[in-house]
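Residue-level structural notes
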Amino acid sequence: MTNMDKLYEAVEARGPVCVGLDTDFSYLPEDFVDSTLSRGENIVRFNKKLIDATKAVAGCYKVQIAYYESLGLEGMKAYADTLKAVREAGVPVIADIKRGDIAKTAEMYAMGHFTGDFESDFVTLAPYMGLDSISPYLPYAEKQGKGMFVLCRTSNGGAKDFEYEKLADGRHVYDLVGDKLNALGKDYMGEHGYSSIGLVIGGTHIEEATEIRAKYQDSFFLIPGYGAQGGKAEDIAQYLTKGNGGVVNSSRGILLAYKKQPGTAFDEAAYNECVNMKEAIAHACSLL
Ligand SMILES: O=C(O)c1cc(=O)[nH]c(=O)n1[C@@H]1O[C@H](COP(=O)(O)O)[C@@H](O)[C@H]1O
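Residues numbered from 1 in each chain as written. Predicted model: local features only at pLDDT ≥ 70, side-chain atom pairs only at ≥ 80, totals over all residues. Heavy atoms only, no water.

For the chain, the name recorded in an unreviewed UniProt entry is Orotidine 5'-phosphate decarboxylase, with Faecalibacterium langellae as its organism. Taken verbatim from the UniProt record of the chain, the Pathway (unreviewed entry) comment is "Pyrimidine metabolism; UMP biosynthesis via de novo pathway; UMP from orotate: step 2/2." UniProt, in its Sequence similarities (unreviewed entry) section for the chain, records the words "Belongs to the OMP decarboxylase family. Type 2 subfamily." (UniProt positions renumbered as here; feature names shortened; annotations may be inferred.)

Here we take up helix α8 (residues 173–185). Here α8 contains 13 residues, and its C-alpha end-to-end distance of 18 Å stays within 8% of the 18 Å for a straight helix at 1.5 Å per residue. Of all the positions in α8, only Tyr174, Asp175, Val177, Gly178, Leu181, Asn182 and Gly185 are classed as buried. Projected onto a plane normal to the axis of α8, the buried residues spread over an arc of 160° and lie on a single side. Each element contacted by the buried residues of α8 is listed here: β5 (147–153), β6 (197–201) and α9 (209–215). (Helix = DSSP H or I, 4+ residues; strand = E, 2+ residues; numbered from the N terminus. Expected span 1.5 Å × (residues − 1). Buried < 20%, exposed > 50% of the residue type's maximum accessible area, 1.4 Å probe, protein only. Arc of directions from axis to C-beta. Contact = heavy atoms within 4.5 Å.)

Attention shifts here to the side chain of Thr154. Looking at where Thr154 falls in the secondary structure, it is placed in the loop between β5 and α7 (159–162). You can call Thr154 buried: its relative accessible area is 9%. Separated by 2.5 Å, the side chains of Thr154 and Asn156 make a polar contact. When near neighbours in sequence (up to four residues on either side) are disregarded, Thr154 contacts Ala159, Glu163, Gly202 and His205. (Polar contact = N/O pair within 3.5 Å; in protein donor to acceptor, adjacent residues only side chain to side chain.)

The subject of this paragraph is the UniProt feature "active site" (unreviewed entry) in the chain. Here, the residues flagged by UniProt with the feature "active site" (unreviewed entry) are Lys98. Turning to its location among the elements, Lys98 is positioned in strand β3 (residues 93–99). Setting aside chain neighbours within four positions, we find Lys98 in contact with Gln64, Thr124, Leu125, Ala126 and Leu151. Within the structure, Lys98 has its side chain in polar contact with the side chain of Asp96 (distance 2.9 Å).

Our focus in this paragraph is the site of the ligand. Around the ligand there are 18 residues in total, and Asp22, Ser155, Gln229, Ser251 and Arg252 lie nearest to it. A distance of 3.1 Å is found between an oxygen atom of the ligand and a side-chain nitrogen or oxygen belonging to Asp96. One nitrogen or oxygen atom from the side chain of Ser155 is found 2.7 Å from a nitrogen atom belonging to the ligand. Surface burial for the ligand is 89%, taken as the share of its 510 Å² of free accessible area covered by protein chains. At the level of elements, β2 (60–64), β3 and β8 (246–250) are the ones that each hand at least two residues to the shell around the ligand. Class assignment of the residues belonging to the shell around the ligand gives a composition of six nonpolar, seven polar and five charged. (Near = heavy atom within 4 Å. Areas by Shrake-Rupley, 256 points an atom, 1.4 Å probe, with all protein chains shown as cover. Nonpolar A, V, L, I, M, F, W, Y, C, P; charged D, E, K, R; others polar.)

Turning our attention to helix α1 (residues 3–14). The end-to-end C-alpha distance of α1 is 16 Å, a good match for the 16 Å that twelve residues give at a rise of 1.5 Å each. Listed in full, the buried residues belonging to α1 are Asn3, Met4, Asp5, Leu7, Tyr8, Ala10, Val11 and Arg14. In this fold, the buried residues of α1 make contact with β2, β4 (122–125), β5, β6, β8 and α12 (266–286). Backbone geometry just after α1 places Gly15 at a positive phi near 95°.

What follows covers the UniProt feature "domain: Orotidine 5'-phosphate decarboxylase" (unreviewed entry) in the chain. In this numbering, the UniProt entry assigns the feature "domain: Orotidine 5'-phosphate decarboxylase" (unreviewed entry) to residues 16–269. Summarising residues 16–269: 37% helix, 16% strand, and an end-to-end C-alpha distance of 18 Å.

Another aspect to go through is the sheet that holds strand β1 (residues 17–20). The strands making up a sheet are joined through hydrogen bonds of the backbone, oriented either antiparallel or parallel. The strand order around the closed barrel formed by eight strands is β1-β2-β3-β4-β5-β6-β7-β8, and the pairing between neighbours is parallel. Each neighbouring strand pair of the sheet contributes to a mean axis angle of 30°, computed without reference to strand direction. Bridge count between β1 and β2: three bridges; the pairing is parallel. Looking across to β2, one finds that Val19 is bridged to Tyr61. (Pairing = 2+ DSSP bridges. Axes fitted to C-alpha atoms, helices over the stretch in contact; angles between N-to-C directions.)

Further remarks concern the nonpolar core. Val19, Leu21, Leu50, Tyr79 and Met148 are the most contacted members of the largest nonpolar core, which totals 76 residues. When residues of this core are assigned to their parent elements, the largest contribution, nine residues, is made by α12. When residues no more than four places from it in sequence are discounted, the contact partners of Leu50 are Val19, Leu21, Tyr61, Ile254, Leu255, Phe266 and Ala270. Listed in part, the 15 residues of the second largest apolar core include Cys60, Leu151, Val200 and Phe220. (Core = buried A, V, L, I, M, F, W, Y, C linked by side-chain atoms within 4.5 Å.)

Structure, rendered in structure tokens:
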């Protein structure tokens, strides 16, 4: 069974919410911070409480490496400890590393993020350098069932700068990326009909949403942009198939939920936000 199969089953069991652990130290409530500990240690304490509170309603977690890298060595320790905490909770984890480099270098990234201290179930990849920047990750998909999510049509405004450009045959650049990755995925299919090569499809743009879902039926989607970036449940639902086939990330919306729920502890507020998000998406899916 591949990690994408496990992710599919996690979504069947607990819903498509992907809790984004983009834990900026400044997000921690002041009264939670233990001043005898480092920022990295405090972040891990925060993440562990959050994981504990949300694991029953989270399809997966996504750990954005920049929030940890920015703190140097203590941050990288916090990153490793956070991945470990998610794995111990028995929930799939996506390492949001957005790598893309020549094959030899990509081999090292693949080893660094699919084995050892920073081992994760999935990584995010940037495809700009071509398919040889993706292929070094594939032996891990084949042998260990590891998975990847490749940037296709991203959630940011700048997606229009390159991804929406039109090719001579009328396709967008994001179509070209999606078509090539979807075709590559045919050799890495799991039991539940999804390949180990997923696509990142931002939930903030909905043009061609139904076509994209229909065209890439065997690609699992990582859908960021819910909440803080304005993505709505009714838009996101169009990228799912019967409530599955994708995970919907929210980072700030969950981490900072306590600021919108005065008097509620951050972990309980995060749980409430996950439940609201999960219900809103389920409701939107039921209307399709
Ligand atoms: O690959 C990603 O995860 C990603 C792709 C994309 O198109 N847009 C996007 O926002 N992301 C990530 O998704 C998360 C969104 O965070 P919030 O806007 O706080 O929910 C961040 O970790 C981003 O780096």
